[in-house]
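Understanding the architecture of this molecule
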Amino acid sequence: MTTYLLRHGLLVGPDSTRVGDLLISDGRIAEVAASINAPAGATVIDVEGRWVGPGFVDLHTHLREPGQEAAETIESGAVAGAVGGYCALVAMPNTEPALDNVALVSYVLDQGARTPVDVAVAGAITQGREGRHLAPLAEMAALGVRIFTDDGTGVQDPSVMRRALDYARPLRVRLAQHCEDEALAAGGSMNEGVLSSRLGLVGRPALAEELMVMRDIELVRLTGGAVHFLHLSTSRSVALVSAARSEGLDVTCEVTPHHLTLDETFCAGFDAQFKVHPPLRTSSDVMALRQALRQGLFDAVATDHAPHSPELKDRAFDEAPAGMLGLEHAATLTYQALGTDECDPVKFYSVLSRGPARVAQLRASDQRIRLGAHGGDLRVGEDANITVFDPRVEWTARREDLHSRARNTPYDGRQLRGRVTTTIAKGQLVVHEGGLQ
Ligand SMILES: [Zn+2]
């Protein structure tokens, strides 16, 4: 395997930063010091002024395979992820058919192993994600599945969710919930409020999300189980989860780049690129999410990368599928949400790498099957999954530059600051100066 020397970077540890060199050899971190002499044959990469930290981990990637390969494949999604700085992705199970059994989970793990990054799998909680009968959680857990979710929808029936929590607890796995009460959200295509009324669109109320957050917090209290709240989008959800955590309940949560940087007013042009579930909310919700991010409430920024083919996404706003691409812009948008000039690199790598690695049980101390360790401390001996971010680069997001098979980004033409320049995944240089190697 190749040897790489990253020179003069800002090395971002779990609590502090320092300027130094990092040597990678045979897939592991071989040395960390103020200055390292390049061994013969090493590829030297000058990272002066750039941040060097553990590779990003996405808790929420829709890879669309099997079933919707026109939108994305495991391979194309993995490449888009690497360009965005991701060394590990958690593949969501709302494929066609759903990842609700050992054969399909094995298929995705096998395909994922052939890509440049680690692909973990989230299994479905219920058979076919239909919300009625539990999927074989124990069998999938034996393959290494650590997160289960019916994402795309939430588990609507509280008795099913209660039983799933009871089954999950001894397996030491976490249930992840897409919080939306379907009865309340039915037929809605954007946030419910004054703006949806003015536009004549049916709304999805904040309460649809908050009711399920409340319910699951109470089910965690009842069962002693563990829930991860996917893509929280309202200020009330943030307050509920914050209170539950201060009580010591085992709840974790994530926020998406789009809910941190876009509000409902983007829907006013009826452009379906801005249609997503849960919907873009009010500007005061965006402010509350950003504040919670800075205060450390969110374990992770997770992309909810949701590729859709143009034939579907170009439909009218109320008919188009919900979801937008995320992998290739997430780090930059997280940097923006953390306040660019005030952005603390420790916090940045905490929500993009260390936090999600903890939730997905991908750290060195976790029992992993077939996957490398992620979210490390930049210590000698750790698996070399490393992402370099340059906080100074100014660039413009362009649809035609995407590596994803789909094109449905809401950020086309947006001026951005800060960019992933280098991704070393599984010990190999996969992306450098923004381009595939
Ligand atoms: Zn979802």
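Provided above is the structure to which this section pertains.
Residues numbered from 1 in each chain as written. Predicted model: local features only at pLDDT ≥ 70, side-chain atom pairs only at ≥ 80, totals over all residues. Heavy atoms only, no water.

**Concerning the pattern of salt bridges**
Formally: By definition, a salt bridge exists where a carboxyl oxygen of Asp or Glu is found within 4 Å of a side-chain nitrogen of Lys or Arg. Counting from the N terminus, the helices are the DSSP runs of H or I reaching at least four residues and the strands are the DSSP runs of E reaching at least two. Think of it in three bands: with a 1.4 Å probe and only protein chains considered, a residue is buried below 20% of the maximum accessible area for its type, exposed above 50%, and partly exposed in between.
Taken as a whole and assessed by the stated rule, the structure comprises 20 salt bridges. As a salt-bridge pair, Glu-180 and Arg-204 come within 3.0 Å of each other at their nearest N and O atoms. Taken together, the residues Glu-180 in the loop between β10 (174-177) and α5 (182-185) and Arg-204 in strand β12 (residues 203-204) connect sequence positions 24 residues apart. As far as the burial class goes, Glu-180 and Arg-204 line up, both buried.

**Considerations on the coordination of the zinc ion**
Put simply, a metal with four donors set out as a tetrahedron has ideal angles of 109.5 degrees, and one with six donors set out as an octahedron has ideal angles of 90 or 180 degrees. Put simply, the test is: Counted as donors are N, O and S atoms no farther than 2.8 Å from the metal, or 3.2 Å for Na, K and Ca; water is not among the atoms, and sites may therefore look incomplete.
Surrounding the zinc ion are the protein donor atoms Asp-151 (OD), His-178 (ND1) and His-231 (NE2), which sit 2.0 to 2.2 Å from the metal. Counting residues between consecutive donors of the zinc ion along the chain gives the motif D-x26-H-x52-H. Of this pair, Asp-151 sits in the loop between β9 (147-149) and α4 (158-171) while His-231 sits in the loop between β13 (227-229) and α8 (235-246), and the two are 80 residues apart along the sequence.

**Topic: the packing of aromatic side chains**
So the rule is basically this: The rule is short: rings of Phe, Tyr and Trp, with Trp giving its six-membered ring, pair when the centres are within 6.5 Å, and they are stacked under 30 degrees, edge-to-face over 60, tilted in between. Each ring is checked for a lysine NZ or an arginine CZ that lies within 6 Å of its centre and within 35 degrees of its normal; such an atom marks a charge sitting over the ring.
Under the counting rule described, the total for this entry stands at 11 aromatic pairs. Their ring planes at 75 degrees and their centres at 5.3 Å tell us that Trp-51 and Phe-348 sit as a pair that is edge-to-face. Residue Trp-51 is located in strand β5 (residues 51-54), and its partner Phe-348 is located in helix α13 (residues 345-359); the two are separated by 297 residues in the primary sequence. Feature note: the residues Trp-51, Phe-56, Tyr-86, Tyr-335, Phe-348, Tyr-349 and Phe-389 constitute an aromatic cluster, connected by ring pairs. Sitting over the ring of Trp-395, Arg-419 keeps its end group 3.8 Å from the ring centre.

**Let's talk about the nonpolar core**
The criterion, for reference: Here, nonpolar core refers to any group of buried Ala, Val, Leu, Ile, Met, Phe, Trp, Tyr and Cys residues whose side-chain atoms link them within 4.5 Å. Whether two residues are in contact is decided by their heavy atoms, any of which lying within 4.5 Å being enough.
Counting 78 residues, the largest nonpolar core has Phe-148, Phe-229, Leu-293, Phe-298 and Phe-348 as its most contacted members. Residue contacts for Phe-298: discarding those within four places in its chain leaves Leu-232, Val-238, Cys-253, Glu-254, Val-255, Leu-289, Ala-292, Leu-293 and Val-351. Counting 18 residues, the second largest nonpolar core, distinct from the first, contains Met-190, Leu-201, Val-276 and Met-324.

**Examining the side chain of Asp-304**
For the record, the criterion: The charged-residue count follows a simple rule in which Lys and Arg add positive charge and Asp and Glu add negative charge, with His and chain termini not counted at all.
By the secondary structure assignment, Asp-304 is in the loop between β15 (300-301) and α11 (310-313). Despite being buried, Asp-304 has no salt bridge partner; Arg-64 is the closest side chain of opposite charge, sitting 6.9 Å away. Ignoring sequence-local partners within four residues, the contact set of Asp-304 consists of His-60, His-62, His-231, Thr-256, His-258, His-277 and Met-324.

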